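A closer look at the structure
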Amino acid sequence: RHAGQMITHPEVRAVVLSKLRLRPGVLWDLGAGSGSVGLEAAGLCPELEVHFVEKNPERFIELAENCRREGLNALSLHEGFALEWIPELPEPDRIFIGGGGSELGEILRRAFERLKPGGILAATAVLAESGATLGSELAAFRCELLTVNVSRGIPLGSGTLMKAENPITIAVYRKPMKEENGK
């Protein structure tokens, strides 16, 4: 958490970024929050054009400040709901969805429709209901569904207690190179 808001922990970012298999092109970071995933992706792959979408006005201000501070190229910020921006954004090679709430299923489906053939979509969830959505939506295209559990050592008496943090569900989807009907 940062300023009372959840952020994607470094360990989860590392897994998500490895699953996205970054390359030059376009990445969408939907439900961007602080922008931690998209910013790290842009830092790792400078030829990547990253489009952030965040609906919360306070989080959007934080996102804009984080992007300014990082000083990276090819970053575009879009304030508003993901479903409103999906039709407007350039066709993506990679998508990260870090939010969505009750609209997660529709966001997944509509974002996946825009994904280029061979593209990868990775999504995370902290709520059981969102994890269930990741488990049921786009199942034919899902190549991985996993839970990441991180524990951090904290002092306890003369030793160290490994205190568990919230588990994170991660789903990874890949769009086929060609549609089944040959289109």
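Look a little higher up for the structure.
Some details on the overall build of the protein
Within the protein, the secondary structure is distributed over 6 helices and 9 strands. In terms of overall dimensions, the protein is globule-like: its C-alpha atoms have a radius of gyration of 17 Å, near the 16 Å expected for 183 residues. A principal-axis box enclosing the C-alpha atoms of the protein has dimensions of 65 × 35 × 30 Å. Each of the 183 residues in the protein was classed as buried or not, and the buried ones make up 42%. Pairs at least 24 residues apart make up 66% of the contacts formed inside the protein by residues separated by at least 6 positions. For the protein, the computed accessible surface area is about 9,600 Å², with 52% contributed by carbon and sulfur atoms. Distance between charge centres in the protein, computed from 21 positive and 24 negative side chains, equals 5 Å.

Brief notes about the packing of helix H5 (residues 104-114) against helix H6 (residues 128-136)
One can describe the packing of H5 onto H6 by two numbers: an axis separation of 9 Å at closest approach and a directional angle of 35°. The handedness of the crossing between H5 and H6 is right-handed. Between H5 and H6, the residues in contact are Leu104, Gly105 and Leu108 and Ser130, Thr133 and Leu134, respectively. For the contact of H5 with H6, the class distribution of residues is 3 nonpolar, 3 polar and no charged.

Focus: the environment of alanine 128
Topologically, alanine 128 is positioned in helix H6. Residue class for alanine 128 comes out exposed when judged on its relative accessible area of 63%. Residues alanine 128 and isoleucine 97, 31 residues apart in the sequence, show an inter-C-alpha distance of 16 Å.

Observations concerning unusual backbone geometry
One non-glycine residue, arginine 21, lies in positive phi territory at about 50°. In this structure, arginine 21 sits in the loop between helix H1 (10-20) and strand S1 (25-30). Phi at leucine 138 is positive, roughly 55°, even though this residue is not glycine. With respect to the secondary-structure elements, leucine 138 resides in the loop between H6 and strand S6 (142-148).

Structural notes on a nonpolar patch on the surface
Nonpolar side chains collect at one region of the surface, where Ile154, Leu156 and Leu161 lie side by side and expose about 250 Å² of accessible area between them. Note that leucine 161 resides in strand S8 (residues 159-164).

Focus: the pairing of strand S4 (residues 94-97)
Going residue by residue along S4, you find Arg94 and Phe96 tucked away on one face and Ile95 and Ile97 tucked away on the opposite face as well. Here S1 pairs with S4 via 4 bridges, running parallel. Paired with aspartate 29 across the bridge in S4 is phenylalanine 96. As a crossover connection, the stretch from S4 through H5 into strand S5 (residues 120-125) is right-handed.

Points about the packing of aromatic side chains
Under the counting rule described, the total for this entry stands at 1 aromatic pair. Between lysine 175 and the ring centre of phenylalanine 112, over which it is positioned, the NZ or CZ distance is 5.6 Å.

A few points about helix H2 (residues 36-44)
By the burial criterion, the buried members of H2 are Ser36, Val37, Gly38, Leu39, Ala41 and Ala42. Buried-residue contacts for H2 involve H1, S1, strand S2 (48-54), helix H3 (57-70), strand S3 (75-79) and S4.

Description of the nonpolar core
Core analysis: the biggest nonpolar cluster contains 26 residues, and Val16, Leu20, Val50, Phe52, Leu75 and Ile170 have the highest contact counts within it. At the level of elements, H1, H2, S2, H3, S5 and strand S9 (168-174) are the ones that each hand at least two residues to this core. Ignoring anything within four residues of it in the chain, the contact list for isoleucine 170 reads Val12, Val15, Val16, Ala123, Thr124, Glu144, Leu145, Leu146 and Val148. Residues Val26, Trp28, Leu30 and Val53 belong to the second largest nonpolar core, which totals 23 residues.

Scoring rules and cut-offs
Residue numbers here run from 1 along each chain, matching the order of that chain's written sequence. It should be noted that, the model being predicted, local features are given only for residues of pLDDT at least 70 and side-chain atom pairs only at 80 or more, the latter also being counted only at that level, while totals for whole chains, interfaces and linings use all residues. Note: side-chain values were computed over all heavy atoms of the structure, leaving out hydrogens and water. Secondary structure elements follow DSSP: runs of H or I of four or more residues count as helices, runs of E of two or more count as strands, with numbering from the N terminus. Every radius of gyration here is taken over C-alpha atoms, with the globule rule written as 2.2 Å times N^0.38, N being the number of residues. Here's how the labels work: a residue is buried when its accessible area is under 20% of the maximum for its type, exposed when over 50%, partly exposed in between, all with a 1.4 Å probe on protein chains only. Contacts are assigned to residue pairs that have any heavy atoms within 4.5 Å of one another. To be clear on the numbers: accessible area is Shrake-Rupley with a 1.4 Å probe, and residue cover counts the displayed protein chains and nothing else. Charge counting follows a simple rule: Lys and Arg are positive, Asp and Glu are negative, and His as well as the terminal groups are ignored. For the purpose of locating charges, the reference atoms are NZ of Lys, CZ of Arg, CG of Asp and CD of Glu. Each axis is a line fitted through C-alpha atoms, and for a helix only the stretch in contact is used; angles between axes span 0 to 180 degrees, taken between their N-to-C directions. In this scheme, a crossing is called left-handed if the near helix is turned counterclockwise away from the far one by less than a right angle; it is called right-handed if the turn is clockwise. Following the grouping adopted for this structure description, the nonpolar residues are Ala, Val, Leu, Ile, Met, Phe, Trp, Tyr, Cys and Pro, the charged ones are Asp, Glu, Lys and Arg, and the polar ones are all others, Gly among them. Patch definition: residues above 30% relative accessible area lacking any salt bridge, with like charges linked at up to 9 Å and the nonpolar side chains Val, Leu, Ile, Met, Phe, Trp and Tyr linked at up to 5 Å. Salt bridges are identified by distance alone: a Lys or Arg side-chain nitrogen within 4 Å of an Asp or Glu carboxyl oxygen. Strands pair, by our definition, only if DSSP identifies at least two bridges between them. Look down the strands so they point away from you; if the path from the first strand over the helix to the second goes clockwise, the crossover is right-handed. Paired rings are identified among Phe, Tyr and Trp, the last through its six-membered ring, by centres lying within 6.5 Å, and are further divided according to the angle between planes into stacked (under 30 degrees), edge-to-face (over 60) and tilted (the rest). The rule for a charge over a ring is simple: NZ of Lys or CZ of Arg within 6 Å of the ring centre, and within 35 degrees of the ring normal. Nonpolar cores are built from buried Ala, Val, Leu, Ile, Met, Phe, Trp, Tyr and Cys residues. Side-chain atoms within 4.5 Å join them into one set.

Remember that the coordinates give geometry; whether it matters functionally is a separate question.
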